[in-house]
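Analysis of the macromolecular model
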Amino acid sequence: MVRYLPIGEIGAYLTLNFIFLSYSSYRVFTYSDQIYKESEDYGFSEGWSIFGRPKDDMDYEWHIWRKFLIDHAFLYIIHLLLSQIVRIFTRKPSPFCYAAISIIFIFTRYGSGVTMVFLGSALIFYSLSQSVSKSVFWIVSVVFLMLLNAFKTLTVYNFITEQLEFAENETFEIYIAFAWNLLRCISFGIDCIENRATGRDKDELYSLKAFLGYVFYFPTLHLGPTIVYSRFKRSLTEEYTELDTGKILIFFRDITRTIFWMLFLEAAQHFFYVNNLQTNEKIVAQLDSWALYGFGCLMGQLFHIKYVVEYGISTAFARLDGIDPPRKPKCIYRIHLYSEMWKNFDHGLYEFLFRYIYSELSEKSSSTVKKLMASFVTFVFIYFWHGFFFYISVWALTNYCCVMVETFARRLSKTPQYRQFMQTHFSESWEYRWNAALGTILLIPAIISNFFFLGNFNVGIIFIRRTFGSGFLHYACVFGGAICMFFTSEFIKRHEKERQQGDSDKMYIMREVKRSE
């Protein structure tokens, strides 16, 4: 059992956190009629008859991906059947089969022009990976990042939708697929350049066939997540194993779980009009404090569920194909250190950023200044990849500052002077409380920074004004709720760590018993 604080105190934090989240969510629900009255002509659909309430359809991204999954479910089934049939006959995965499905899909849905753009850009990256240095490769990658952002401008977007006669959802799909493809091209290219220098892997793992199979792997073509090439490469070298009942059951478990969360999110949008509220700063400014912070929590939670669904489908198919996918997004209520938000919410993107940017510029033994610069360049890349929008820059810069402050605080806490001070003046339990108080002070602005990204710039400013400009008593109440969330998350983290340690101990004992036998 987790014993870093008295069990009664931990229970109080868990209970208060549950009460805060439940009541604040209820307060958001009480504003639903007002939100609907002011926006009923836009952003709502009839909804499920079982609820008898209109449904918030304002999340454009979710609306497109839900429709995409439903309309093209048969293609996922085709991918599953072909990949497994080929594996049975050849005794190994077929990158050519992976690529053929996606390329045929792109051609039939978007036409020959878009197909040539996807293939042409991919082949440019492949040819560069076979001949140039990392520096030249990164220069070209930055050029493609700029082109990706030019694609987001209203002028280019309107040209594609109006002059080339693409539907808006098709234009959005093309952009997202190109963004994911760019990360995969960079991942393969850097790995290939390093392999040319070291020769540690066989050349066939960096062949054109392997490249196309990775870049155009259909389950991750539109929905992500980022799977770095080293993960995909392992699936090409592992020995063939029969598709047994266990693997099939795991696949259906993952798909069933994803469908459940999809239906849960659809149902939630009948009661919490969070997506519509994000675009209505007038109502956001009128929310009472309970509803405002409930709105913030729901923004984050619904965003998390959306990516559980999008990544869940892709990772289920990848696992069946023998690819080890990154972890699924962890619930944001279970994360209280902001550096862990990057590691645990989108683990695939974190792996990419750490592997190809941060670790290229900094090592464990590097100076603090060098590590700061490496982190800054990493967040600049995040900004470039997400888009040249002001609210994105505010979000990225605030995230960078919060992570840096957290890093400095962690280093300070390990110094002999700090340890001596804590051991002299604090008991172990009070040290936990002190650290939680300091962590909560940083957690509050870190959470608010996300509201610039999830909502918009004006929504983020409303949260800042309400939190830091409403007097000491108001901030103290916010701090009280946030520290309960901090302790709850810390308790869950410690409990999971103990459970994992227990599982490791059991496995070690079983191995020793087998050896003795």
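Residue positions are given per chain, counted from 1 along the sequence in the order it is written. In view of the model being predicted, local features appear only for residues whose pLDDT reaches at least 70, and side-chain atom pairs are presented and counted only at 80 or more, with totals across whole chains, interfaces and linings using the full set of residues. The side-chain quantities take in all heavy atoms of the structure and omit both hydrogens and water.

1. Quick look at the packing of helix H3 (residues 60-71) against helix H9 (residues 168-198)
Only the stretch in contact is used when a helix axis is fitted, and all axes are lines through C-alpha atoms; the angle between N-to-C directions ranges over 0 to 180 degrees. Under the DSSP-based scheme used, a helix requires at least four consecutive residues in state H or I and a strand at least two consecutive residues in state E, with every element numbered from the N terminus. The N-to-C vectors of H3 and H9 enclose an angle of 90 degrees; their axes lie 11 Å apart at closest approach. Taken together, the axes of H3 and H9 are roughly perpendicular relative to one another. Two secondary-structure elements touch here, H3 through Tyr60, Glu61, Ile64, Trp65 and Phe68 and H9 through Glu168, Asn169, Phe172, Glu173 and Ile176. Under the grouping applied here, Gly and all other residues not named as nonpolar or charged are polar, the nonpolar ones being Ala, Val, Leu, Ile, Met, Phe, Trp, Tyr, Cys and Pro and the charged ones Asp, Glu, Lys and Arg. Looking at the contact of H3 with H9 residue by residue, the class counts come to six nonpolar, one polar and three charged. By definition in this entry, angles of less than 35 degrees are roughly parallel, angles greater than 145 are roughly antiparallel, angles of 65 to 115 are roughly perpendicular, and the rest are oblique. Throughout, a residue-residue contact means that at least one pair of heavy atoms, one from each residue, lies within 4.5 Å.

2. A few points about the nonpolar core
Nonpolar cores are built from buried Ala, Val, Leu, Ile, Met, Phe, Trp, Tyr and Cys residues. Side-chain atoms within 4.5 Å join them into one set. Exposure categories follow from relative accessible area, calculated using a 1.4 Å probe and restricted to protein chains: below 20% of the type maximum is buried, above 50% is exposed, and the middle band is partly exposed. Judged by nonpolar contacts, the single largest core of 147 residues is most densely connected at Ile186, Phe216, Tyr229, Phe295, Phe381 and Trp385. Broken down by element, this core gets its largest block of residues, 17 residues, from helix H16 (residues 289-320).

3. With respect to the pattern of salt bridges
Each salt bridge in this description consists of a side-chain nitrogen of Lys or Arg and a carboxyl oxygen of Asp or Glu lying within 4 Å of one another. Counting across every chain of the model gives 23 salt bridges. The partner of Arg253 in a salt bridge is Asp254, and the shortest N-O contact between them spans 2.9 Å. Beyond isolated ion pairs, a larger network of salt bridges with shared partners links Lys134, Asp191, Glu194, Arg355 and Glu360.

4. Re helix H5 (residues 95-110)
Here the expected span of a helix is defined as 1.5 Å times the quantity of residues minus one. Along its 16 residues, H5 runs 22 Å from first to last C-alpha, staying within 8% of the 22 Å computed at 1.5 Å per residue. By the burial criterion, the buried members of H5 are Pro95, Cys97, Tyr98, Ala99, Ile101, Ser102, Phe105, Ile106 and Tyr110. Of the residues trailing H5, Gly111 is marked for its positive phi of about 100 degrees.

5. Focus on the side chain of His72
Positionally, His72 belongs in the loop between H3 and helix H4 (73-90). Looking at His72, the relative accessible area reads 9%, which means it is buried. Residues in contact with His72, not counting those within four places in the same chain, are Phe105 and Arg109.

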